[in-house]
Amino acid sequence: MTTAGTSAFNLDLNNIVEEAFERCGLELRTGYDLRTARRSLNLLSIEWANRGINLWTVEQQTIALNSYQGIYPLPVDTIDLLDSVIRQGVGQNQIDINISRISESTYSSIPTKNAYGRPIQFWVDRQSGNVNGTASTTLSANVTATATTIQVVSTANLPTQGYINIGSETILYQNVGSSLTSNANQLLNCYRGINGTTAASHSAGDSVYRNYLPNVNIWPTGNPGTQYNLIYYRMRRMQDAGSGAQTQDIPFRLIPAVVAGLAHKLSAKLDGVDPQRYLALKAEYDQAWQDAQDEDREKAAWRLVPRNMFYYR
């Protein structure tokens with residue numbers, strides 16, 4: 001007897017759904033069955049993101065920091081940042097320096113948010129990534145592709161700093177003008193073409209939409225003339241369930257947990273599932289999830305060392 005010689009087994013969406021239906025004692029028959037299962041599978045992936053760190057969704061990214069810029073957008077699918085350092089230099093001269101994460105209340109209490117120096121702290125503003133469906137205001141003057149000041153009809157529905165969408169362009173503004181000065185209803189210190197978009201010209205009367213991009217706030221903002229890079233590890237969202245033929249955005253070792261979880265979710269809403277089977281599927285899912293969590297974790301060695309403290313009188 002010989003072995004298969006391959007290790008490529010995986011399940012696409014259709015097979016995962018079919019297996020989950022069979023565990024419920026049912027058959028996958030209609031397009032609606034597939035649609036409701038796909039919806040449950042997407043909700044299951046969100047549940048997993050809330051339960052803890054999924055190592056296969058952790059990835060490293062870099063942000064080049066600018067002097068006097070304190071806020072930077074994160075990819076829309078970012079759930080949270082895990083570890084970050086400030087990097088100076090390149091090659092053998094590269095130095096990574098620790099940067100501390102602080103809370104919103106600590107960041108808001110910093111009186112000199114535009115001060116510059118080597119960045120030492122950051123706050124993650126975990127916004128939804130959605131764009132308002134209703135315009136917050138409109139442009140009151142034409143805007144060129146390089147303008148850093150944008151004139152709007154009103155800033156009443158915009159925060160003092162944040163992101164806006166005009167057409168297909170996303171723009172970061174760091175301040176709004178004061179109603180007591182000549183720059184009233186202006187968005188100041190704008191960074192154009194943010195989040196992979198392209199800076200473009202816009203016309204008076206164009207709609208301005210607020211964008212709730214997740215972002216990271218750096219303090220201090222960076223010394224002029226010194227290039228700092230924020231190197232961070234983020235946990236991203238799992239990819240959507242797809243249309244049917246695609247495999248899921250999970251390692252093969254977690255397929256049993258996905259199937260068990262989907263079977264449990266389906267048993268809660270499909271007709272004809274015996275209540276005792278529902279309880280059995282719930283227990284099976286809990287065990288499969290625990291097995292997956294025990295496997296999907298850091299396995300670095302660690303040790304506890306007692307700390308000796310001496311007091312002198």
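In this report, the structure presented in the accompanying data block is examined. (Residues numbered from 1 in each chain as written. Predicted model: local features only at pLDDT ≥ 70, side-chain atom pairs only at ≥ 80, totals over all residues. Heavy atoms only, no water.)

Notes on the sheet that holds strand S6 (residues 121–125)
Inference 1: Within the open sheet, the 4 strands sit side by side as S2-S13-S6-S5. Their pairing is mixed. Because the sheet does not close on itself, it has two edges, and the strands there are strand S2 (71–73) and strand S5 (100–101).
Inference 2: Inspection of the sheet shows S6 paired to strand S13 (residues 215–219) by 5 bridges, in the antiparallel sense. Within S13, the position partnered with Gln 121 by the bridge is Trp 219. (Pairing = 2+ DSSP bridges. Helix = DSSP H or I, 4+ residues; strand = E, 2+ residues; numbered from the N terminus.)

A few points about the pattern of salt bridges
Inference 1: Counted by the stated rule, this structure contains 17 salt bridges.
Inference 2: Where Glu 47 meets Arg 51, a salt bridge forms, and the shortest distance between an N and an O atom there is 3.3 Å. Remark: Arg 51 and Glu 47 occur in helix H2 (residues 31–51); sequence separation between them is 4 residues, near one turn of the helix.
Inference 3: According to the relative accessible area criterion, Arg 51 is partly exposed, its value standing at 36%.
Inference 4: The salt bridge partner of Glu 59 is Arg 236, with a shortest N-O separation of 3.7 Å. With Glu 59 in strand S1 (residues 58–64) and Arg 236 in strand S14 (residues 228–236), this residue pair connects regions lying 177 residues apart in the sequence.
Inference 5: Each of Glu 59, Asp 77, Arg 234, Arg 236 and Asp 249 takes part in salt bridges that share partners, so that together they form one network. (Salt bridge = Lys/Arg side-chain N within 4 Å of Asp/Glu carboxyl O. Buried < 20%, exposed > 50% of the residue type's maximum accessible area, 1.4 Å probe, protein only.)

Quick look at the sheet that holds strand S4 (residues 95–98)
Inference 1: One open sheet holds the 4 strands; their spatial order is S1-S14-S3-S4, and the pairing between them is antiparallel. For this open sheet the edge positions go to S1 and S4, each flanked by a neighbour on one side alone. Taken over all neighbouring pairs, the strand axes of this sheet differ in orientation by 35° on average, direction set aside.
Inference 2: Sheet analysis places S1 next to S14, joined by 7 bridges and oriented antiparallel. Its bridge partner being in S14, Val 58 is matched across the sheet by Met 235. (Axes fitted to C-alpha atoms, helices over the stretch in contact; angles between N-to-C directions.)

Brief notes about H2
Inference 1: With 21 residues, H2 should cover 30 Å at 1.5 Å per step; its first-to-last C-alpha distance of 30 Å lies within 8% of that length.
Inference 2: Taken residue by residue, H2 has Asp 33, Leu 34, Thr 36, Ala 37, Ser 40, Leu 41, Leu 44, Ser 45, Glu 47, Trp 48 and Ala 49 as its buried positions.
Inference 3: Elements in contact with the buried residues of H2: helix H1 (13–23), strand S3 (78–88), S14, helix H4 (255–267) and helix H5 (275–295). (Expected span 1.5 Å × (residues − 1). Contact = heavy atoms within 4.5 Å.)

Section: the packing of aromatic side chains
Inference 1: The full count for this structure, using the stated rule, is 4 aromatic pairs.
Inference 2: Ring plane angle 80° and centroid distance 5.4 Å describe the contact between Tyr 68 and Tyr 116, whose orientation is recorded as edge-to-face. Taken together, the residues span a long stretch of sequence, with Tyr 68 in the loop between S1 and S2 and Tyr 116 in the loop between helix H3 (104–108) and S6 at a distance of 48 residues.
Inference 3: According to the relative accessible area criterion, Tyr 116 is partly exposed, its value standing at 47%.
Inference 4: Every member of this aromatic cluster is reached through a ring pair, and the members are Trp 48, Trp 56 and Trp 289.
Inference 5: In this structure, Lys 113 packs its charged tip against the face of Tyr 107, placed 5.4 Å from the ring centre. (Phe/Tyr/Trp six-rings, centres within 6.5 Å; stacked < 30°, edge-to-face > 60°. Lys NZ or Arg CZ within 6 Å of the ring centre and 35° of its normal.)

So, the pairing of S3
Inference 1: The pairing of S3 with S14 spans 9 bridges and is classified as antiparallel. Counted as the bridge partner of Gln 88 is Tyr 228 from S14.
Inference 2: Here S3 pairs with S4 via 4 bridges, running antiparallel. Across the sheet, residue Arg 87 finds its bridge partner in S4, namely Asp 96.
Inference 3: Hairpin connection between S3 and S4: a loop of 6 residues separates the two successive antiparallel strands, and Gly 89 in this loop has a positive phi of roughly 75°.

What about the packing of H4 against H5?
Inference 1: At a minimum axis separation of 8 Å, H4 and H5 run at an interaxial angle of 150°. On the basis of their axis angle, the class for H4 and H5 is roughly antiparallel. Crossing geometry of H4 relative to H5 is assigned as left-handed. Contacts between H4 and H5 pair Pro 256, Ala 257, Ala 260, Gly 261, Ala 263, His 264 and Ser 267 from the former with Tyr 278, Leu 281, Lys 282, Glu 284, Tyr 285, Ala 288, Trp 289 and Ala 292 from the latter.
Inference 2: Counted by class, the contact of H4 with H5 contains 10 nonpolar, 3 polar and 2 charged residues. (Parallel < 35°, antiparallel > 145°, perpendicular 65-115°, else oblique. Left-handed = near helix turned anticlockwise from the far one by under 90°. Nonpolar A, V, L, I, M, F, W, Y, C, P; charged D, E, K, R; others polar.)

Some words on the packing of H2 against H5
Inference 1: Taken N-terminus to C-terminus, the directions of H2 and H5 make an angle of 55°; their axes are 13 Å apart at the nearest point. Classified by the angle their axes make, H2 and H5 are oblique. Our pair here, H2 against H5, has a crossing hand that is right-handed. Contacts from Leu 44, Glu 47, Trp 48 and Arg 51 of H2 reach H5 at Tyr 285, Trp 289 and Gln 293.

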